[in-house]
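A structural walkthrough
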Amino acid sequence: MASVSSDEWRTVCDKFTNAQNLTVVESRNDPENDPFRSKYKARELLREIHCSLKSFEAGEGEAERGGEEIGDQRPIEPPVDGQLEDGFGQGFSGDSPAGLRAAKLGAVEYYLGVNHVDTEELSAGQEHLMNCMKLLERCRVSSENVSLFIHVRNQLGILWAGRDETETAQGFLETAESIYQRYIKEDGSPPTDMAEYFTTEEKLLTHQERTKRFELAYTHTMYYLAQVYKNLGETERAATYCHSTLQRQLQLNQYSPMEWALNAATLSQYYITKGRYMEGRHCLSAATVISGLAGEVPSEAAAQESETESERREQLMQKRAEIARCWIKYCLNVLQDSKKLLEDSIGELDTDRQEELKRARRREEEEEEKGRKSALLFGSEDTFDSIVSLEEKVRCLLPLDFAEARAVFLVGQNYVTQAKEYFQMDGYVTDHIEILQDHSALFRALAFFEEDLERRCKMHKRRVDMLEPICNDLNSRYYLMIRRQMMFELAEIYNEMMDLKLTLANRQADTQSLDNHTIKKFNHLCSASAKYFQMFLDSLCSPEGKIPEHLEEEVLRPALVARFRLARLHSRLISSSPSVQLENLDKSLENYKYVVQYCEAHPEAKATVETELELSTEMVGLLPLKINRLKAKMTANN
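Residues numbered from 1 in each chain as written. Predicted model: local features only at pLDDT ≥ 70, side-chain atom pairs only at ≥ 80, totals over all residues. Heavy atoms only, no water.

Taking 1.5 Å per residue, 21 residues should reach 30 Å; helix 7 (residues 166-186) reaches 30 Å between its end C-alpha atoms and fits that length. One or two positions beyond helix 7, positive phi appears at Gly 188, with a value near 85°. (Helix = DSSP H or I, 4+ residues; strand = E, 2+ residues; numbered from the N terminus. Expected span 1.5 Å × (residues − 1).)

Right, here's the structure in full:
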């Protein structure tokens, strides 16, 4: 080709620089009614460069004939990418004249392909990218072309993933990964960047900049593979690639702090669901520290004066609130998993199990330290200490007693406060209520560890105080599903408080009879629970109040459990009046019968409420006897 010092070549380089500037810089300012103006101009320049390269080639008489010409625009079927051995084992040497010509023409095809994809002309984009692939088939992978080998496969991976052809995308991306890994192993020198094909000698990149750009291209490969594996349902593999991507972005200092932080916080949720709390905590700590690099939230006054500051304020507050919500989930899951580990068959703390786990704690702490040493940790010299410091404020080992559980609870509650500052009831009803429900769940999990039943009851009362006003104010027309959730939860809270009061009353009855205050309190809790279970059931009825003959799958178990609980509650109300007792027992029998009769009419429902159905069937047989005895007693007294 023309000498790099010639005027013609400088003209080509200038056109390429202008095309890049139009694509990356000028396009940001294109008007809404002509959004691709700059990219169309860049395309024309790239076409001119392509023509120039072809004319240089023809003029020097060095063109390799045989095989299709670059300009052949016939539709190309997407190949199954994976011919890795061919890329390394045969073809032109990358630094040969023929190899460099192929790389330069391939690069122009690549940039034209990306340009067409950016302007939503996907078929044309695919065609140019495949032309690039065909040119590279003639060459061996080398430091002169390996970057292009990877970039073009990245773009084809994105293209096919966007068409939901996930396995085709996977083929291109996994080959890009293999090319990178083999190149690093067999050569490893800083490779030529594609932009350098059209750069005069005095503007060539340093080795450090070449390495950085090459590593960034591979980071993109890993990022796209993470998405592909996620779409294929390979969640563990997706998480591994996502984690590595985030780490590489930090190392290369190529990231947007808030976007990076949100991705790390999202990754934490995968680790949490797998019970991998050390990794989850590490992701969240890193997310919090890195989000701080985005700077302070602009004040309300500044936001009112500037649209840019207003948008920045909104974005920072929202994303930091979302990270806070991920922290809430972390703390809640830690407490709930600990509860599952420690509870006995009736849901109470198994003290023998607790002592056994405490004895094993030292070994667990040693394993945690080993795990930290082998884990892929985030952070740079500037951020690592801050991340570790934040990690130390909350344990990743499951709490085994109230003091440890309370420490986790307080961290979660602090993030509840942070999240609610942004997700307020006015404007974010659903989000605000979900945060309240998580706060309620934190109290419930903590209550499990509390041995003092009065204090445990007060924790449940806090749950009532935060949920009840909102439940009663919500409009069922717009928030029916949320309101149902809250009604059911409130019914369960009152039911739990009633059981606690009954346990306390039974302890009291050992020394003295139940006083009227205790009975009144017990009946109040019992009635409140029954009220919310009934409200839940009423919400399932038609506008005319008709009970549905068939319960939808999503409400089947809750509805039958609500009926079972109502039956139990009515039978437990304390009254000295025989007529009231009779009325309560009749209501109890009616609800037990509903559970039995519904399951007889819909046999598929039996599996969802096996325990409740067994007890309901038993009570349908026993309660009539109790009712008849009470009636006989009432008749005799009259």
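Turning to its location among the elements, Thr 288 is positioned in helix 11 (residues 277-292). According to the relative accessible area criterion, Thr 288 is partly exposed, its value standing at 25%. Residues Thr 288 and Pro 257, 31 residues apart in the sequence, show an inter-C-alpha distance of 9.9 Å. With residues up to four places along the chain from it excluded, the contact list for Thr 288 reads Ile 323, Trp 327, Leu 390 and Tyr 415. Only 2.9 Å separates the side chain of Thr 288 from the side chain of Trp 327, close enough to count as a polar contact. (Buried < 20%, exposed > 50% of the residue type's maximum accessible area, 1.4 Å probe, protein only. Contact = heavy atoms within 4.5 Å. Polar contact = N/O pair within 3.5 Å; in protein donor to acceptor, adjacent residues only side chain to side chain.)

Here we take up unusual backbone geometry. Most peptide bonds adopt trans geometry, and most residues besides glycine take a negative phi value. Even without being a glycine, Asp 164 presents a positive backbone phi close to 65°. For Asp 164, the position within the fold is in the loop between helix 6 (146-162) and helix 7. By relative accessible area, Asp 164 is classed as exposed at 67%. Located in the positive-phi region is Asn 253, a residue other than glycine, with phi close to 55°. Note that Asn 253 resides in the loop between helix 9 (235-252) and helix 10 (257-273).

On to the nonpolar core. Proteins that are soluble and globular tend to have nonpolar side chains buried together. Residues Tyr 330 and Leu 560 are the most contacted members of the largest nonpolar core, which totals 120 residues. Counting residues per element, this core draws most heavily on helix 13 (residues 307-342), at 13 residues. If you look at the next biggest cluster of nonpolar residues, it comprises 56 residues, including Tyr 110, Leu 129, Tyr 180 and Tyr 197. (Core = buried A, V, L, I, M, F, W, Y, C linked by side-chain atoms within 4.5 Å.)

Two numbers describe how helix 8 (residues 207-231) lies on helix 9: the axes approach to 8 Å, and their chain directions differ by 155°. Classified by the interaxial angle, the pair formed by helix 8 and helix 9 is roughly antiparallel. The crossing of helix 8 and helix 9 is left-handed. In this structure, helix 8 contributes Lys 212, Glu 215, Leu 216, Tyr 218, Thr 219, Met 222, Tyr 223, Leu 225, Ala 226, Tyr 229 and Lys 230 to the contact, and helix 9 contributes Thr 235, Arg 237, Ala 238, Tyr 241, Cys 242, Ser 244, Thr 245, Arg 248, Gln 249 and Leu 252. Residues that form the contact of helix 8 with helix 9 fall into these classes: 11 nonpolar, 5 polar and 5 charged. (Axes fitted to C-alpha atoms, helices over the stretch in contact; angles between N-to-C directions. Parallel < 35°, antiparallel > 145°, perpendicular 65-115°, else oblique. Left-handed = near helix turned anticlockwise from the far one by under 90°. Nonpolar A, V, L, I, M, F, W, Y, C, P; charged D, E, K, R; others polar.)

This part covers the packing of aromatic side chains. Considering all chains together, one arrives at 28 aromatic pairs under this definition. Among the aromatic residues, those joined into a cluster by ring pairs are Trp 9, Phe 16, Phe 56, Tyr 110, Tyr 111, Tyr 197 and Phe 198. One Lys or Arg, Arg 163, reaches over the ring of Trp 160 and ends 4.7 Å from the middle of that ring. A cation over an aromatic ring shows up here: Arg 325 above the ring of Phe 423, its NZ or CZ 5.2 Å from the ring centre. (Phe/Tyr/Trp six-rings, centres within 6.5 Å; stacked < 30°, edge-to-face > 60°. Lys NZ or Arg CZ within 6 Å of the ring centre and 35° of its normal.)

Opposite charge on two side chains lets them pair, provided their charged atoms get close. Inspection of every chain in the model, using the stated rule, returns 32 salt bridges. Salt-bridge contacts for Asp 431 lead to Arg 325; the nearest nitrogen and oxygen are separated by 2.8 Å. Taken as a pair, Asp 431 in helix 18 (residues 429-449) and Arg 325 in helix 13 lie far apart in primary sequence, 106 residues in all. Here Glu 450 and Arg 455 are joined by a salt bridge, their closest N and O atoms 3.4 Å apart. (Salt bridge = Lys/Arg side-chain N within 4 Å of Asp/Glu carboxyl O.)

Attention shifts here to the side chain of Glu 215. Mapped onto the elements, Glu 215 comes out in helix 8. A relative accessible area of 14% means that Glu 215 is categorised as buried. Once residues lying within four places of it in the same chain are set aside, the contact partners of Glu 215 are Tyr 180, Ile 184, Arg 248 and Leu 252.

In the structure shown here, the tally under the stated rule is 0 disulfides. The thiol sulfur of Cys 242 is not disulfide-bonded, and the nearest other cysteine sulfur, from Cys 283, lies at 8.0 Å. Lacking any disulfide linkage, Cys 331 is separated from the closest cysteine sulfur, that of Cys 326, by 11 Å. (Disulfide = S-S within 2.5 Å.)

Function cannot be read off these values alone, since they describe shape.
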